[in-house]
Each structure stands twice: as C-alpha cells, then as structure tokens.
Amino acid sequence: YTVHFLLWNHGGADVTNVKAYSGDKVVGEKLMAVNGDSWRVVSMDLVFDTPGEHALTIGDLTATVVVE
C-alpha cells in the first residue's frame, strides 16, 4: 500500500526519520531531508500483516486504511 503526504519543516534545514504506525507497530519508515521553511511530498510504501481496518498514524495525522 503506498501513501503520499506533505512533510513540512518550519525551522532550519534538517533530516528526519518519518515513521508510519498501525497502532503501535511501525509499518513504514523513510529518511527524508527538508530545507528550512519548506516542504516535500513523501511517498511511502506500507506493509500490513493482516486484512481489516487499520488506524494509520504519520506524525500528528491519523486515517483509517482498509486492507482486503
């Protein structure tokens, strides 16, 4: 499953490790560099072990993903 989202940096240039969680389990991870006061579009491939509804959290955002 591939998700796309915006990664904002309101400070100085930095590198961050972006993690996607299904509950408390990490289902995707990507190292990203973002210039200060800028943003980037991030594409991340996620892996879910089981079908069903998953509460996906990336940063402060949460969405429900249905895996069939």
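Residues numbered from 1 in each chain as written. Predicted model: local features only at pLDDT ≥ 70, side-chain atom pairs only at ≥ 80, totals over all residues. Heavy atoms only, no water.

Let's talk about the nonpolar core
Proteins that are soluble and globular tend to have nonpolar side chains buried together.
So, point 1. Counting residues in each nonpolar core, the largest one holds 15 residues, and the members touching the most others are V3, F5, V18, A20, M44, L46 and L56.
So, point 2. Those elements that place two or more of their residues in this core are β1 (2–9), β2 (14–22), β3 (25–34), β4 (38–45) and β5 (52–58).
So, point 3. Ignoring anything within four residues of it in the chain, the contact list for M44 reads Y1, T2, V3, F5, V18, A20, G28, E29 and K30. (Core = buried A, V, L, I, M, F, W, Y, C linked by side-chain atoms within 4.5 Å. Buried < 20%, exposed > 50% of the residue type's maximum accessible area, 1.4 Å probe, protein only. Helix = DSSP H or I, 4+ residues; strand = E, 2+ residues; numbered from the N terminus. Contact = heavy atoms within 4.5 Å.)

Here we look at the packing of aromatic side chains
So, point 1. Under the criterion given, the structure shown has two aromatic pairs.
So, point 2. Ring centres of Y1 and F48 lie 6.3 Å apart, and the angle between their planes is 70°; on these two criteria the pair is classed as edge-to-face. You can see Y1 sitting in the segment before β1 and its partner F48 sitting in the loop between β4 and β5, a full 47 residues away along the chain.
So, point 3. Judged by relative accessible area, Y1 falls into the exposed class, the value being 53%.
So, point 4. The class of F48 is buried, set by a relative accessible area of 14%.
So, point 5. Here W8 and W39 contribute two aromatic rings whose centre-to-centre distance is 6.0 Å and whose plane-to-plane angle is 40°, an arrangement assigned as tilted. One end of the pair, W8, is in strand β1; the other, W39, is in strand β4, and 31 residues separate them in sequence.
So, point 6. Looking at W39, the relative accessible area reads 44%, which means it is partly exposed. (Phe/Tyr/Trp six-rings, centres within 6.5 Å; stacked < 30°, edge-to-face > 60°.)

Without other data, these values stay purely geometric and don't point to any function.
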